[in-house]
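What follows is the residue order along each chain.
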Amino acid sequence: MMKYISTRGNAPELSFEDVLLTGLASDGGLYVPKDVPTFSLEEISSWRDLPYAELAHKVIYPFVEGSVDADALQKMINEVYKGFGHKAVAPLQQLDNNEYVLELFHGPTLAFKDFALQLLGRLLDYILERRNEKVVIMGATSGDTGSAAIEGTKACRNVDIFILHPHNKVSEVQRRQMTTVSGDNIFNIAIEGNFDQAQDMVKASFGDQSFLRGERKLVAVNSINWARIMSQIVYYFYSSLNLGGPLRPISYSVPTGNFGDIFAGYMAKKMGLPIEQLIIATNSNDVLHRLMSKNQYEVRPLKHTLTPSMDIAVSSNFERLLFDLYDQNGVELAALMTKMNARDDIVSLSEDRLAKAREIFDSYAVDEHATIDTMKQVFAETGYLLDPHTAIGVKAACECRRNMKTPMITLGTAHPVKFEDAVKRAGFDMPELPHHLSDLMTREERMDVLPADIDMVQQFIAEKTFAQ
Ligand SMILES: *Cc1c(COP(=O)(O)O)cnc(C)c1O
């Protein structure tokens, strides 16, 4: 049975199902597996011809053992990836001799977040059904997460979901991907305010949940949720096996915001997959790049960019990597996190810890100009239109590559049709919506507009939850 421990060393050990329902640990840390499952090269090699869903079971099952039955897991995984718009689920696209994009945008909402949130919804419902419990998901979104969470939970019988977005401040495609999903358990709240106000209301609600009646509690589906990272490990194995791994190493460039997707790559390496290099590709919100390149951790105000899904001031999952760099010493890490979160000083890591990170990780920050240029250049060279987030990954791969003989895979995190501003700035016509979304612009929308007032939002949630 897999056990999970907190990065700050002062919270109870939990099973997978409790971690799924818990979010942050009680000591403020993040949960990580106590013993990471590892596989030999022979075993990984033997998975070479498996379809995505069977490979996913091999990688995911050890993390949920004791909480989820093996057959039930396979059934959920099959359902999830059958719903993707490409039979290979995560196909590779070649850009140059040894350069690839891993297309992670064939899920229902056209971004990689579907890989995890589709499964997360099913896992939640499975566990809640068995425990005879119901929960409320509450989240704030400026784009990709909200729609993926709604699509992932729309069929859940034990979950009500409330997603707040800033009214008139998300793109029409992104709004419609949230508001046109039908289900009695889905509530879109457009807040008359900005994203930060919506986010603050969500944080405050998690802090004091007394507004919820009955036995309900809030569950977070943001990127610190372990089940999301776990699901994302699979495509590192899948893409490596498709390019001759594990008998040769592969490098990855990962467009990074909260460090979730790239942490999954680091996990794959810990589990035995030969990965030579992991590139942290950021936009101008470059807190991690400044730490990796100059050993200076300094939180700066958020900048709004053409790559909104990577707009973060603090990269929350980085704590999971720091835990390993500090030899899983929770006491030491808790002290470091207190310094990092105080934000009144520039924090440095000890040189030997940073050197350990630099063995595998490189980093690069890409500004808007270079993002647009990369979209144009790759299109001119290959006829392939990158979304702006993926373009940041491709640019960073090109700048940081250590070894031309190792295949470099950039994670293709979203479909360009979701990011109209960047596509237009780069001078392209908008691509067509994929077939399953072709009527998106004419579907009926459902949402409630509320003022940026926490009492009114909480009252709304309590009433809608209670009404069922
Ligand atoms: C969420 C997202 C990212 C960032 O992923 P993290 O796991 O937060 O690092 C990058 N690109 C797109 C398109 C996303 O939706």
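Residues numbered from 1 in each chain as written. Predicted model: local features only at pLDDT ≥ 70, side-chain atom pairs only at ≥ 80, totals over all residues. Heavy atoms only, no water.

**Structural notes on the packing of helix α12 (residues 318-325) against helix α13 (residues 330-342)**
How we decide: Axis definition: a line fitted to C-alpha atoms, limited for helices to the stretch in contact. Angles are taken between N-to-C directions and run from 0 to 180 degrees. Helical segments are the DSSP runs of H or I of at least four residues, strand segments are the runs of E of at least two, and each set is numbered from the N terminus. Note that the term roughly parallel is reserved for angles under 35 degrees, roughly antiparallel for angles over 145, roughly perpendicular for angles of 65 to 115, and oblique for everything else. In a left-handed crossing the near helix is turned counterclockwise from the far helix by less than a right angle, and in a right-handed crossing that turn is clockwise. In this analysis, two residues are considered to be in contact whenever any of their non-hydrogen atoms come within 4.5 Å of each other. In this classification, the charged set is Asp, Glu, Lys and Arg, the nonpolar set is Ala, Val, Leu, Ile, Met, Phe, Trp, Tyr, Cys and Pro, and all remaining amino acids, among them Gly, are polar.
Here α12 crosses α13 at 135 degrees, and the two axes come no closer than 9 Å. One way to sum up the angle between α12 and α13 is to call them oblique. As for the relative orientation of α12 and α13, their crossing is right-handed in sense. Contacts from Glu 319, Leu 322 and Phe 323 of α12 reach α13 at Gly 330, Leu 333, Leu 336, Met 337 and Met 340. Here the contact of α12 with α13 is built from residues that sort into six nonpolar, one polar and one charged.

**What to know about the packing of aromatic side chains**
Under the convention used in this document: Working definition: rings of Phe, Tyr and Trp (its six-membered ring) pair if their centres are within 6.5 Å, and the pair is stacked with planes under 30 degrees apart, edge-to-face with planes over 60 apart, and tilted otherwise. Relative accessibility thresholds used throughout: buried, under 20% of the residue-type maximum; exposed, over 50%; partly exposed, between the two (1.4 Å probe, protein chains only). By the criterion adopted, a ring carries a charge over it if an Arg CZ or a Lys NZ lies within 6 Å of its centre and within 35 degrees of its normal.
One pass over the full model with this rule turns up 23 aromatic pairs. Centroid distance Tyr 52 to Tyr 238: 5.0 Å. Interplanar angle 70 degrees. Geometry classified as edge-to-face. With Tyr 52 in helix α3 (residues 52-64) and Tyr 238 in helix α9 (residues 226-242), this residue pair connects regions lying 186 residues apart in the sequence. The same class applies to Tyr 52 as to Tyr 238, namely buried. When the ring centre of Tyr 326 is taken as origin, the NZ or CZ atom of Arg 353, which lies over that ring, is 4.4 Å away.

**A look at the site of the ligand**
Heads up, the rule is: Any residue with a heavy atom positioned within 4 Å of a molecule or strand is treated as near that molecule or strand. Nitrogen and oxygen atoms within 3.5 Å of one another constitute a polar contact, given that in protein one can donate a hydrogen and the other can accept it, and given that sequence-neighbouring residues count only through two side-chain atoms.
Surrounding the ligand, one finds 15 residues, the nearest of these being Lys 113, Asp 144, Gly 257, Asn 258 and Asp 261. Backbone polar atom of Asn 258 to an oxygen atom of the ligand: 2.8 Å apart, as the coordinates give it. Between the ligand and the protein, one listed contact pairs a nitrogen atom with a side-chain N or O atom of Thr 413 at 3.0 Å.

**Considering the state of the cysteines**
The following threshold applies: Two cysteine sulfurs form a disulfide in these notes if their separation is within 2.5 Å.
Tallied over the entire structure, the rule returns zero disulfides. Cys 398 takes part in no disulfide bond, and the closest cysteine sulfur, belonging to Cys 400, lies 9.2 Å away. For Cys 398, a relative accessible area of 60% translates into the label exposed.

**Regarding helix α14 (residues 351-360)**
Let me state the cut-off plainly: The arc in question is formed by the directions pointing from the helix axis toward the C-beta atoms.
For α14, the set of buried residues is Arg 353, Leu 354, Ala 357 and Ile 360. Down the axis of α14, the buried set is contained in an arc of 120 degrees. They therefore lie on one face. α14 presents Glu 351, Asp 352 and Glu 359 as exposed residues on the side facing more than 90 degrees away from its buried surface. Contacts from the buried residues of α14 go to α10 (260-270), β11 (275-282), α11 (287-294), α12, α13 and β12 (361-365).

**Considering the pattern of salt bridges**
In plain terms, the rule: Here, a salt bridge means any Lys or Arg side-chain nitrogen found within 4 Å of an Asp or Glu carboxyl oxygen.
Using the criterion set out here, one finds 27 salt bridges in the structure. The salt bridge involving Glu 133 is made with Arg 131; its shortest N-O contact spans 3.4 Å. Classification of Glu 133 as partly exposed rests on a relative accessible area of 29%. The partner of Arg 353 in a salt bridge is Glu 332, and the shortest N-O contact between them spans 3.3 Å.

**What about the nonpolar core?**
Inclusion rule: Buried Ala, Val, Leu, Ile, Met, Phe, Trp, Tyr and Cys residues that are joined via side-chain atoms within 4.5 Å together make up what is termed a nonpolar core.
In terms of nonpolar packing, the biggest core is built from 112 residues, with Phe 16, Tyr 236 and Phe 237 touching the most fellow members. With eleven residues, α9 is the single largest residue contributor to this core. Every residue in contact with Phe 16, bar those within four places of it in the chain, is listed here: Met 2, Tyr 4, Phe 63, Val 64, Ser 67, Val 68, Leu 123, Ile 127, Trp 226, Ala 227 and Met 230. Core analysis: the second largest hydrophobic core is formed by 18 residues, Phe 187, Ile 191, Leu 450 and Phe 460 among them.

**Remarks on the side chain of Gln 277**
Locating Gln 277 in the fold gives a position in strand β11. Exposure remark for Gln 277: the relative accessible area of 1% places this residue in the buried category. Among the polar contacts made by the side chain of Gln 277, one reaches the main-chain carbonyl oxygen of Cys 400 at a distance of 2.7 Å. Of note is the side chain of Gln 277, whose polar atom sits 3.3 Å from the backbone nitrogen of Arg 402.

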